[in-house]
Amino acid sequence: DLSNPEVVSKYKKAAEIANEAIKKVIAFCKEGVKVVDACQVGDDYINEQCGKIYNKVKPKVEKGIGFPTCVSVNHIVGHFSPLREDESKFKDGDLVKVDLGVHIDGYVAVAAHTFMIGEKPATGRKADVLMAAHVAAECAIRLLKAGGKNGPMTDMFTKVADDFGVNAVQGVLSHQLERNIIDGEKVIASKFDPESPESKMEFEFDQNEAYAIDIVMSSGDGKPKEFEQRMTVFKRDMECTYQLKMKASRAVFSDIKERFSSFPFTMRAMDEKKGKFGIRECLTHGLVRGYPVLQEKDGEVVAHIKFTALLLASGTVKISGLDVDLSKIQCEKEVKSKDVKDILATSIAKRKKKKRNKKKKKKKDAENKAEAEKKDEAKEEA
């Protein structure tokens, strides 16, 4: 419950580590560097920082990776967190997406950021998807307030994408966050899909809720296909039970239960050889579910921005997600939609305090005046 200051503190500390982890990964990413090494930099930093906090608290506070570092390049949409054997390297001009998460005591903050390799600014289609994702994020934080609804946010994503001549990626969902739950029941679709149950969901945002807002914009048709790359990111299904037959599978699943709980993990964090063999049976029988590596057509580009926000009594607070450096984007397109312009013209939701403060001030002034009058009367009597 976000009315508990300790819970808010844990969310904010997780967000602080997540933001710094993304910065570390960005600084590491250079032309010629291996993608897998960049992923490892993010995961190592998260584990190192989480190892320094909440160590003297009883009962023990679990903390660590809330979503493993994924680094997806150009037309790859997401969930690319390769095994150590992968030889993929960055090239100058690559559009790179970093996606990760941190949890403290089950309270998770996730974030994603997109940037270019090299010194040249983003232009053309790269600039279009970057600006679309940025504008959509700016609108989303303004729409995310107690009493607001999910439908207008989905509509906004489409209008922003249209203005920049790109597509919001179908199937990308923003989720409510809860303790030990990275994908809560309240879901915001990034694009209306009549065949998707998430698109038909209607609800209001409530005070004391946390959300991960996930925005992915593509220069392609926004309907990515599964990449031939093997899935390496998985998450335990907490409601599924099955008696595994193979010893190797039982060992892998025992490791998953002990080390990763309900949060996603990468195969790199395990013994890769045993993990690849043992995860199959777990996957076949639904004990874990995979995050497929998705891709648009080769030659297209994709931008990804994700942030975590808390709907507090004092207003909506964005706690994770880096600001986009607009000086490195040269976009020829701009916002045209009146609805989008109107949203951008509003301020981020904050509870109004001015009136109450004025009343308090008036009351205090009246009390001071009365006190002064009493003193004057006392002097006159004397």
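Residues numbered from 1 in each chain as written. Predicted model: local features only at pLDDT ≥ 70, side-chain atom pairs only at ≥ 80, totals over all residues. Heavy atoms only, no water.

### Comments concerning the pairing of strand S8 (residues 210-218)
Inference 1: Burial within S8 is extensive, with nine of its nine residues counted as buried.
Inference 2: Residues of S8 alternate between two faces, with Ala-210, Ala-212, Asp-214, Val-216 and Ser-218 on one and Tyr-211, Ile-213, Ile-215 and Met-217 on the opposite face, all of them buried.
Inference 3: In this structure, strand S5 (residues 167-168) lies alongside S8, joined through two bridges in antiparallel fashion. Paired with Asn-167 across the bridge in S8 is Ser-218.
Inference 4: Here S8 runs beside strand S14 (residues 302-312); their pairing, made up of nine bridges, is antiparallel. Along S14, the bridge assignment pairs Met-217 with Ala-303. (Buried < 20%, exposed > 50% of the residue type's maximum accessible area, 1.4 Å probe, protein only. Helix = DSSP H or I, 4+ residues; strand = E, 2+ residues; numbered from the N terminus. Pairing = 2+ DSSP bridges.)

### Structural notes on the pattern of salt bridges
Inference 1: All told, the structure shown has 21 salt bridges when counted by the stated rule.
Inference 2: For Lys-186, the salt bridge is made with Asp-206, and the minimal N-O distance between the two is 3.2 Å. Here the residue Lys-186 occupies a position in the loop between strand S6 (173-177) and strand S7 (187-189), and Asp-206 occupies one in the loop between helix H5 (197-200) and S8, the gap between them amounting to 20 residues.
Inference 3: Using a relative accessible area of 17% as the deciding quantity, one classes Lys-186 as buried.
Inference 4: According to the relative accessible area criterion, Asp-206 is partly exposed, its value standing at 35%.
Inference 5: Here the salt bridges do not stand alone but share partners, grouping Lys-10, Asp-105 and Arg-179 into one network. (Salt bridge = Lys/Arg side-chain N within 4 Å of Asp/Glu carboxyl O.)

### Description of the environment of Asp-237
Inference 1: One can find Asp-237 in the loop between strand S10 (233-236) and helix H6 (247-259).
Inference 2: Overall, the relative accessible area of 31% leaves Asp-237 in the partly exposed class.
Inference 3: Remark: the alpha-carbon pair of Asp-237 and Met-116, spanning 121 residues in sequence, is separated by 35 Å.
Inference 4: Once you skip the residues sitting within four places of it in the chain, Asp-237 turns out to touch Gly-286, Leu-287 and Val-288.
Inference 5: A polar contact is formed between the side chain of Asp-237 and the backbone nitrogen of Glu-239, at a distance of 3.0 Å. (Contact = heavy atoms within 4.5 Å. Polar contact = N/O pair within 3.5 Å; in protein donor to acceptor, adjacent residues only side chain to side chain.)

### Describing the packing of helix H3 (residues 124-143) against helix H4 (residues 150-163)
Packed helices, taken two at a time, are described by the angle their axes make and the gap between the axes.
Inference 1: Viewed as axis vectors pointing N to C, H3 and H4 meet at an angle of 160°, and their least axial separation amounts to 9 Å. What the angle tells us is that H3 and H4 run roughly antiparallel. Along this stretch, H3 crosses H4, giving a crossing that reads as right-handed. Between H3, through Ala-132, Val-135, Ala-136, Cys-139, Ala-140 and Leu-143, and H4, the contact on the second element is made entirely by Pro-152, Met-153, Met-156, Phe-157 and Val-160.
Inference 2: In terms of residue class, the contact of H3 with H4 is built from 11 nonpolar, no polar and no charged. (Axes fitted to C-alpha atoms, helices over the stretch in contact; angles between N-to-C directions. Parallel < 35°, antiparallel > 145°, perpendicular 65-115°, else oblique. Left-handed = near helix turned anticlockwise from the far one by under 90°. Nonpolar A, V, L, I, M, F, W, Y, C, P; charged D, E, K, R; others polar.)

### Some details on the pairing of S10
Both faces of the sheet carry side chains from a regular strand, because those side chains alternate between them.
Inference 1: Neither face of S10 is open: one carries Val-233 and Lys-235, the other Phe-234 and Arg-236, and all of them are buried.
Inference 2: Here two bridges tie S10 to strand S11 (residues 265-266), and the two strands are oriented antiparallel to one another. Residue Phe-234 lies in a different strand from S11, and its bridge partner there is Phe-265.

### A word on the sheet that holds strand S12 (residues 288-290)
Inference 1: Strand order in the open sheet made by the three strands is S11-S10-S12, with antiparallel pairing throughout. The open sheet is flanked by S11 and S12, the only strands paired with a single partner.
Inference 2: Looking at chain direction, S10 and S12 are connected through three bridges and run antiparallel. In the strand pairing of S12, Phe-234 is matched with Gly-290.

### A short note on the nonpolar core
Inference 1: Formed by 54 residues in total, the largest nonpolar core has its most connected members in Leu-2, Tyr-11, Val-71, Phe-90, Val-96, Val-98 and Leu-310.
Inference 2: Listed by contribution, the elements that provide at least two residues to this core are helix H1 (5-28), helix H2 (35-50), strand S1 (63-73), strand S3 (95-104), strand S4 (107-116), S8 and S14.
Inference 3: Here this core gets 10 residues from one element, more than from any other, and that element is H1.
Inference 4: Sequence-distant contacts of Val-71, defined by excluding residues within four places in its chain, comprise Val-25, Val-35, Ala-38, Cys-39, Phe-80, Phe-90, Val-96, Lys-97 and Val-98. (Core = buried A, V, L, I, M, F, W, Y, C linked by side-chain atoms within 4.5 Å.)

### So, the sheet that holds strand S13 (residues 294-295)
Inference 1: Reading across from one edge, S2-S13-S9 is the order of the three strands in this open sheet, with antiparallel pairing throughout. The open sheet is flanked by strand S2 (76-78) and strand S9 (225-226), the only strands paired with a single partner.
Inference 2: Relative to S13, S9 is paired through two bridges, and the arrangement is antiparallel. Pairing of Lys-225 across the sheet is with Gln-295, part of S13.

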